[in-house]
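Fold and contact review
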Amino acid sequence: MNRYISEQLRALVTERAAGICEYCLINIEDTYFGAEIDHIISIKHGGQSIIENLALACQTCNRNKGSDIGSIAFSTKRFFRFFNPRKDKWSKHFRLNDAVIEPLTKIGEVTVKIFGFNENDRLLERNGLIEIKHYPSPTAQKRMK
């Protein structure tokens, strides 16, 4: 499998995402570390470097996800896949409650846990962005509906 992602493909992924992380919905311009292109299904699990398998992710979401494709839900002790921005609707799996991203499904539960959506530093970041009216952005608000 080829890990290479051309500049043209990177630009298409970024444009499609409208500059926001497709997982936590933070505006990439508001993050210190910027964005990375994520393989939704990692290469080691058979994913390909094609537009349908790529997502724009903030560095924190992408690094926490790594090459994982899912995790064990604490509540059921069963395996569930992560949220897939190409197939899933954000509002079906998550709800924003002030700065907290609350899971609504088991897919949401494992994604929130492994991606670290509600770790202290991320809550501080979102709270600060909420105060200056940068989170959620208009684009993020559309994805939340």
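Residues numbered from 1 in each chain as written. Predicted model: local features only at pLDDT ≥ 70, side-chain atom pairs only at ≥ 80, totals over all residues. Heavy atoms only, no water.

What follows deals with the side chain of E109. By secondary structure assignment, the location of E109 is in helix α4 (residues 106-115). A polar side-chain atom of E109 sits 3.0 Å from a polar atom in the side chain of S75. Not counting residues up to four positions away in its chain, the partners in contact with E109 are A73, F74, S75 and P103. (Helix = DSSP H or I, 4+ residues; strand = E, 2+ residues; numbered from the N terminus. Polar contact = N/O pair within 3.5 Å; in protein donor to acceptor, adjacent residues only side chain to side chain. Contact = heavy atoms within 4.5 Å.)

This paragraph deals with the nonpolar core. Ranked by internal contacts, the top residues of the largest apolar core, which has 35 residues, are C21, Y23, C24, C61, I101 and F117. Taken together, the elements giving at least two residues each to this core come down to α1 (7-17), β2 (54-58) and α4. (Core = buried A, V, L, I, M, F, W, Y, C linked by side-chain atoms within 4.5 Å. Buried < 20%, exposed > 50% of the residue type's maximum accessible area, 1.4 Å probe, protein only.)

We now examine unusual backbone geometry. Across the junction of Y135 and P136, the peptide omega takes the value -10 degrees, indicating a cis bond. Within the chain, K77 stands out as a residue other than glycine whose phi angle is a positive 60 degrees. Tracing the chain through its elements places K77 in the loop between β3 (70-72) and β4 (79-81). Judged by relative accessible area, which is 56%, K77 ranks as exposed.

This part is about the pairing of β2. A large share of β2 lies buried, amounting to five of its five residues. Across the two faces of β2 the burial is the same, with L54, L56 and C58 and A55 and A57 all buried. Where strand β1 (residues 35-39) meets β2, five bridges bridge the pair, whose relative direction is antiparallel. From the neighbouring strand, D38 faces β2, where its bridge partner is A55. (Pairing = 2+ DSSP bridges.)

Right, let's talk about helix α5 (residues 120-131) for a bit. Look at α5: 16 Å from first C-alpha to last across twelve residues, which is about the 16 Å you get at 1.5 Å a residue. Every buried residue belonging to α5 is among R122, L123, R126 and L129, and all of these are buried. Buried residues of α5, viewed axially, fall in a sector of 130 degrees; they line one side. Exposed positions of α5 whose direction lies more than 90 degrees from the buried face are N120, D121, L124 and E131. Those residues of α5 hidden inside the fold are in contact with β2, α2 (59-65), β6 (100-103) and α4. (Expected span 1.5 Å × (residues − 1). Arc of directions from axis to C-beta.)

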